[in-house]
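# Descriptive structure summary
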Amino acid sequence: MVQKMAWTLRYLALTLVLFIVGLVVSFPTRAEDLSQKETPGEGGAGNPGEPEGADNMVTRKGVRVEFSVSGTGTTASSDGWKGKGDIPLREGELAEIRFRITDEVSGQPVSPLEPAVWVRRAGGLDGLSCREQIGRYLQGLLSFQADVDLNKYFLLILNDDSTISVVDPLMGVSGVTQLYAMIVLEGRGEGWERSGDDKRLFVTLPELGEVAVVDLDRFEVVAEVETGGRPRTVVLQPDGRYLWVADEAPERGGVSVIDTRFLTVAAHIRTGRGAHRIAFSDDSLTAFVTNGDDDSLSVIDVQKLEKVADLPTGRRPVAVGFSGLRQMAYVASEDGALLGVDAATRRIAIRRTTSPGVRAFRFEPGGRWGFIANEAEDRVDVLDASNGTLVHRIAVGDRPHQIAFTDTYAYVRHLGTAEVTLIPLSQLGQKAELGLQTVSFGSRPPGEVPLSAVADAVSPTGEWTAVVASNPADRMVYYYMEGMIAPMGSYSTYGRVPRAVGVVDRSVRETEKGVYTARFRVPESGDYSVAFLLDSPLVDHCFSFHVAPDSRTTDLAGDDGPLQIEFLTPERTVVAGEAFRLRFALSGLRGGQPLSGLTDVHVLATRPPGVWQHRQRAVALDGGRYEVSVPADAAGAYYVSVAVPSLGVGFTELPFLTFQALRPESPDAEGDRR
Amino acid sequence: MRQPSAPLVRGGRLLCLAALVLLALQAPGDELSPSEARGREIYLDGAAADGASIRALLGAGEMEVELPGAAAACGGCHGHDGTGRPESGVLPFNITWSFLTRSYGHLHPDGHHHPPFDEDLLRSFLRDGLYPGGRAADPWMPRYEISERDLTDLVAYMKRVGEVRDPGLSETVIRLGTLVPATGEAAQVGTVIRDVLEARFAEVNHEGGIHGRRLELVVHEVSDPDPKAVEAWLAAARPFAVVSPFTPHGDLEIHAALSARGVPVLGPLTLHSLRSFSLNRNVFYLYPGLPEQLEALMEFTDRRLRLSAPRTAVVHPEMDAVDDALGAVRDTARERGWPEVRFEPFPVGGFEAPSVIGALKEAAIDLVVFLGIEEELRRLLENSYSAGWRPYVLAAGSLSGGILADTPPALSERLLLAYPTLPRDRRPRELREVSRLLTGRTGDEPARAHLQAVISAYSTTTLLVEALRKAGRDLGRRELVSELERLYRFETGLTPQITFTANRRVGALGVYVVGPGIPGNDRRTDSLARLGVAWVDMEQ
């Protein structure tokens with residue numbers, strides 16, 4: 001609860017707009033405010049085939065906002081991000097919401113903007129005006145939540161057990177858990193990379209020689225690309241065309257190059273032995289690949305997908321980074337050698353030496369300052385790319401091994417301590433002493449659990465100045481806002497070991513100039529209110545749209561939801577250590593006919609107080625029956641709930657079932673049935 | 001009979017000038033062919049000087065809009081270097097030749113992929129707006145009605161866009177210029193400036209240069225303040241930027257000439273008005289000029305001393321150089337609702353204190369703005385004291401800096417001086433650096449005598465180096481200017497904090513007002529211990 005309060009507080013602090021609108025909600029003064037049509041009506045905006053009415057457009061403060069929403073025609077197709085055009089909206093499917101924002105006079109697109117958008121079913125708005133709705137959303141009231149909040153991000157946690165947890169940082173699912181979804185991989189993930197539009201996540205599975213492709217709209221694996229070998233690090237080149245996968249198999253060390261259009265392997269380029277790190281020139285035309293066991297750097301011509309040079313490095317190169325500012329790739333080696341390779345000539349132009357023990361090296365996003373983490377000397381050296389000199393030697397904690405950046409700080413994570421050192425970027429290059437900070441992300445040193453992945457354990461959230469950091473030893477993920485002395489909140493990983501953490505942005509964003517879009521899953525048929533807020537100029541308006549019932553579920557739709565559940569298994573106890581086999585039947589609410597063959601019947605089992613949970617899909621049997629086995633390893637009470645997203649049914653909407661796992665020696669083990 | 005030939009002479013000079021301009025546009029090794037040069041005009045301006053007729057079409061069908069080419073020039077969206085400067089991660093695209101022709105084609109953010117461009121495909125794209133493969137381009141990309149010749153020239157330049165370097169830049173060198181007086185008393189100041197610049201550049205080069213380039217200094221000794229002589233030097237020396245120029249004669253004209261040629265000018269040492277340069281985007285000053293300093297003094301008088309509508313007179317030498325300052329005083333008084341300002345000129349070098357004072361006393365003047373030099377100011381104070389007349393006197397410290405040190409308090413009680421910087425701005429570390437840097441160059445004596453020049457040149461190179469480091473290897477004059485514009489509260493260690501923006505060309509926009517009568521807010525740290533000091537911020 002404290003955690004949740006922290007989130008609510010954070011949300012409260014988000015924008016000035018919150019404050020402003022809060023005031024306006026309390027004191028609507030202008031006639032315009034009072035007379036504004038607030039309640040969404042019938043006949044949705046942007047539904048194909050319907051004339052565009054005034055409901056689709058609002059002009060305020062010199063800015064025109066045109067609203068539309070359409071289906072994407074995708075529920076199961078593998079390229080869910082490609083649907084376009086006038087496809088009808090259907091419940092349970094992905095919809096795309098669009099706002100075209102133009103200058104009222106010139107008609108020119110207005111850019112860049114960051115609109116806030118919430119979607120809520122129109123029922124239950126209790127005559128709230130649009131401003132009142134927005135005010136409540138901004139207050140983060142648990143009692144008034146959007147069905148779809150298009151202003152947030154999700155955390156992705158790479159676990160040690162072939163899963164990726166998707167965590168909603170603000171809202172728990174029915175207040176029980178913050179776990180929003182679980183992505184199941186076929187093997188343990190090692191490295192990952194998001195596509196530039198945050199629609200896909202690529203995860204290397206070294207044990208299988210594969211790269212899993214995850215659809216980030218649906219949080220499901222939609223494809224696996226077989227690279228062979230031992231894929232670990234994965235990097236997308238800046239123009240997004242090829243995905244580069246380090247192959248560390250001893251017999252074929254090099255890189256696999258995946259064509260992101262077709263998800264096929266375009267080339268496998270042998271570069272050398274050992275661990276590889278990969279960097280690109282900012283024009284994407286040159287790739288630089290380190291070969292850890294060969295003490296070399298391979299330079300690859302991206303257009304030809306051919307190696308053009310092997311340059312000798314120091315002993316065991318550990319990292320390569322490209323400075324766009326200097327147009328140079330820098331390679332750091334374990335023995336302290338630092339080489340600068342000119343992007344134009346592809347030759348070594350700079351040689352420097354630091355102390356042996358280099359573990360990591362990375363440029364901050366501006367490309368000016370390179371950070372070299374020295375594990376042996378517990379130090380970070382800072383390189384000025386403009387002249388290749390080392391300008392700072394900074395004492396940090398025990399065994400620094402990863403570096404991440406926000407706009408303001410470099411975050412140095414250590415293996416030997418849970419403390420992370422923050423180095424202020426704005427003070428670099430000045431002769432005064434740097435004002436360092438340390439923040440404890442947990443209590444136990446991450447190095448206690450030798451499960452670090454190549455993916456980052458500290459990641460900026462992209463919102464203002466906040467990061468998330470995983471600590472495998474604590475089995476926790478922490479949320480930290482800059483300026484605080486300690487993390488503001490934490491997320492349980494439900495017993496899993498978090499090896500890396502990332503963020504996926506799900507907010508409305510500009511997809512072409514002046515056009516802001518987002519995708520979401522339509523919960524169910526009916527009327528919706530879309531609350532839209534722009535902070536500068538201040539524009540708030542509620543649009544509306546209507547979703548017709550899906551023919552496949554039309555006759556099921558009733559006032560209380562589209563389906564009903566019957567638990568067929570009579571037992572309510574199981575011996576701890578065994579699985580509880582549960583059968584249940586799903587049927588339409590009105591007709592009562594069985595609903596057979598649903599492929600997305602999800603079952604969530606939790607054991608209070610919520611520290612353990614298990615998710616899986618039920619297996620469809622005949623006649624609308626489904627079966628699932630819930631592992632009940634520990635004694636105690638278990639709750640089982642069922643959800644069917646394609647019918648817009650969440651975990652809280654159907655009756656749930658309780659069973660008890662009893663200790664084997666318990667005399668009640670054979671009895672106590674309900 | 002010389003007169004009839006005068007127009008010819010003038011015409012000849014113009015021709016020479018035009019030739020110099022052309023020379024200056026083209027760096028050795030970076031020459032554009034005539035076709036490319038014409039293409040560059042079309043790229044940047046949507047038109048050519050010789051009258052290319054280009055129309056841009058936007059939208060389709062009934063929504064189609066036709067614009068003159070100048071309203072939809074390539075460079076307007078894709079940038080002078082063709083890299084596109086995307087806003088919010090969206091269009092416009094990079095259109096450099098190496099990008100357009102990359103072998104694996106292009107993947108657009110919406111998932112559309114098309115094969116690479118070649119010359120023919122680019123030509124047809126510019127006319128029909130269809131990507132290779134036939135799909136229509138983004139609606140914001142115009143289609144052009146353009147003649148064969150214009151298109152040929154444009155495409156010829158598009159193959160070079162982003163490659164052509166600004167003058168003064170090579171693979172390994174950034175050439176920077178400065179201007180100093182050749183002779184006279186001021187020449188010693190010039191030598192000091194030159195020494196500081198040379199020493200700083202040598203130091204930067206010793207530390208590895210900047211993004212793979214060395215700094216090189218070219219010095220122009222100005223013997224003839226005629227801007228044409230400066231232009232001839234520019235054409236020959238081709239500096240990338242000009243740093244700390246000191247041209248006491250002809251500031252206005254020389255700065256204007258440099259700026260008009262697109263040469264960034266950093267930290268000129270000048271007493272002259274900055275206001276006349278306010279539209280000059282390429283000149284960056286450290287300190288406010290005389291008019292701004294007087295405005296600040298008047299504001300201080302109004303707000304802090306609470307003089308109620310003082311009767312004001314300006315006592316000034318008869319010279320053009322103070323015109324801006326006079327205008328500033330007049331306008332400021334009007335804005336504040338003060339009585340109309342009285343102007344009391346005196347011949348240069350001929351200040352007759354008693355007669356001026358007699359007139360002003362009779363007119364019951366409360367406030368004197370004095371623009372003479374130190375010795376003249378002293379006479380004003382002495383004579384008004386003996387005449388029993390006690391007005392407030394406002395003056396610029398840069399004209400009469402030493403006066404407070406040796407004037408009896410009784411005389412200077414109502415004197416207020418404006419200083420753009422004070423010793424309190426100087427940190428010991430940087431002072432040591434300066435002194436170390438000048439060891440073996442400028443002697444101690446000249447460095448001390450011209451400390452303001454040393455500080456100005458040193459701080460200017462600090463700003464220059466910072467901006468060059470931030471601008472990166474892909475350097476141009478635009479990049480330098482844009483990085484300077486991003487300096488925010490930058491500490492040089494020797495001046496007040498420096499901030500430039502797109503609309504601000506004075507780095508330390510404020511002045512210290514110093515005077516015995518000011519309730520001092522920081523008496524201990526100043527060598528002028530008995531004086532009060534107040535900072536008037538002119539940002540608001």
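Shown above is the structure to which this text applies.
The rules behind these values
Residues numbered from 1 in each chain as written. Chains lettered and ligands numbered in written order. Predicted model: local features only at pLDDT ≥ 70, side-chain atom pairs only at ≥ 80, totals over all residues. Heavy atoms only, no water. Pairing = 2+ DSSP bridges. Helix = DSSP H or I, 4+ residues; strand = E, 2+ residues; numbered from the N terminus. Axes fitted to C-alpha atoms, helices over the stretch in contact; angles between N-to-C directions. Contact = heavy atoms within 4.5 Å. Buried area = accessible area lost by both parts, 1.4 Å probe. Salt bridge = Lys/Arg side-chain N within 4 Å of Asp/Glu carboxyl O. Polar contact = N/O pair within 3.5 Å; in protein donor to acceptor, adjacent residues only side chain to side chain. Nonpolar A, V, L, I, M, F, W, Y, C, P; charged D, E, K, R; others polar. 1 Å grid on protein atoms, 1.4 Å probe; cavity = no way out; pocket = protein on both sides within 12 Å on 5 of 7 lines; lining within 4 Å. Points joined across faces, edges and corners; volume = space filled by probe spheres on them. Disulfide = S-S within 2.5 Å. Buried < 20%, exposed > 50% of the residue type's maximum accessible area, 1.4 Å probe, protein only. Arc of directions from axis to C-beta.

What follows covers the sheet that holds strand 13 (residues 231-236) of chain A. Sheet strands pair via backbone hydrogen bonds, and the direction of the pair is either parallel or antiparallel. Residue and element names in this part refer to chain A. Read across the open sheet, the 4 strands follow the order 13-14-15-16; overall the sheet is antiparallel. For this open sheet the edge positions go to strand 13 and strand 16 (264-270), each flanked by a neighbour on one side alone. Mean inter-strand twist for the sheet, computed between neighbouring axes without regard to direction, equals 25 degrees. Inspection of the sheet shows strand 14 (residues 242-247) paired to strand 15 (residues 254-259) by 6 bridges, in the antiparallel sense. For Asp-247, the partnering residue across the bridge sits in strand 15 and is Gly-254.

Across the contact, 31 residues belong to chain A and 27 residues belong to chain B. Here chain A meets chain B over a buried area of about 2,600 Å², counting both sides, of which 50% is carbon and sulfur. Seen at the junction of chain A and chain B, the total is 1 salt bridge. For the salt bridge of Arg102(B) with Asp239(A), the shortest nitrogen-to-oxygen distance reads 2.9 Å. For the interface between chain A and chain B, the tally reads 12 residue pairs in polar contact (both at pLDDT 80 or more). For the side of chain A that touches chain B, the element with the highest residue contribution is strand 38 (residues 509-512) of chain A, accounting for 3 residues. Among the residues making up the side of chain A that touches chain B, the classes are represented as 8 nonpolar, 11 polar and 12 charged.

Next up on the list: empty space enclosed by the protein. All names here are of chain B. One pass over the full model with this rule turns up 5 cavities of 30 Å³ or more. Lining the largest cavity, in full, are Leu-381, Ser-384, Tyr-385, Trp-389, Arg-390, Pro-391, Val-393, Ala-410, Leu-411, Glu-413, Arg-414 and Leu-415. Listing elements by their share of the lining of the largest cavity, those giving two or more residues are helix 13 (374-386) and helix 15 (409-412). With 3 residues, the top contributor of residues to the lining of the largest cavity is helix 13. When the residues that make up the lining of the largest cavity are grouped by side-chain class, the tally is 8 nonpolar, 1 polar and 3 charged. Approximately 70 Å³ is the volume found for the second largest cavity. Surrounding the second largest cavity, Ile-42, Gly-46, Ile-54, Gly-69, Ala-72, Ala-73, Cys-74, Leu-126, Tyr-144, Ile-146, Leu-151 and Leu-154 form its lining. Class assignment for the residues of the lining of the second largest cavity results in 10 nonpolar, 2 polar and no charged.

All names here are of chain A. Within the open sheet, the 5 strands sit side by side as 1-2-3-39-38. Their pairing is antiparallel. Pairing within the sheet leaves two strands with one partner each, and these edge strands are strand 1 (57-60) and strand 38. Across the sheet, the mean angle from the axis of one strand to that of its neighbour is 30 degrees, orientation sign disregarded. Alignment of strand 38 against strand 39 (residues 515-521), held across 3 bridges, turns out to be antiparallel. By the bridge assignment, Glu-512 is partnered in strand 39 with Val-515.

Looking now at the state of the cysteines. All names here are of chain A. One pass over the structure, following the stated rule, counts 1 disulfide over all chains. For Cys-130, the disulfide goes to Cys-542, at an S-S distance of 2.1 Å. Across the disulfide from Cys-130 to Cys-542, rotation about the S-S bond amounts to roughly 85 degrees, and the bridge is consequently right-handed. Placement of Cys-130 in helix 4 (residues 130-139) and of Cys-542 in strand 41 (residues 539-547) is noted, with a sequence separation of 412 residues between them.

All names here are of chain A. The phi torsion at Ser-162 lies on the positive side, around 65 degrees, for a residue other than glycine. Positionally, Ser-162 belongs in the loop between strand 6 (153-159) and strand 7 (163-167). You will see that Asp-295, though not glycine, has its phi angle at about 55 degrees, which is positive. Tracing the backbone shows Asp-295 in the loop between strand 18 (286-291) and strand 19 (296-301).

Moving on, we get to helix 12 (residues 353-362) of chain B. All names here are of chain B. Residues of helix 12 that are buried: Ala-353, Val-356, Ile-357 and Leu-360. The buried residues of helix 12 all sit within an arc of 95 degrees when viewed along its axis, so they share a single face. In helix 12, those exposed residues whose orientation departs by more than 90 degrees from the buried face are Pro-354, Ser-355 and Glu-362. Buried residues along helix 12 sit in contact with strand 11 (312-317), strand 12 (342-346), strand 13 (367-370) and helix 13. The first or second residue beyond helix 12 is Ala-364, which carries a positive phi of 55 degrees.

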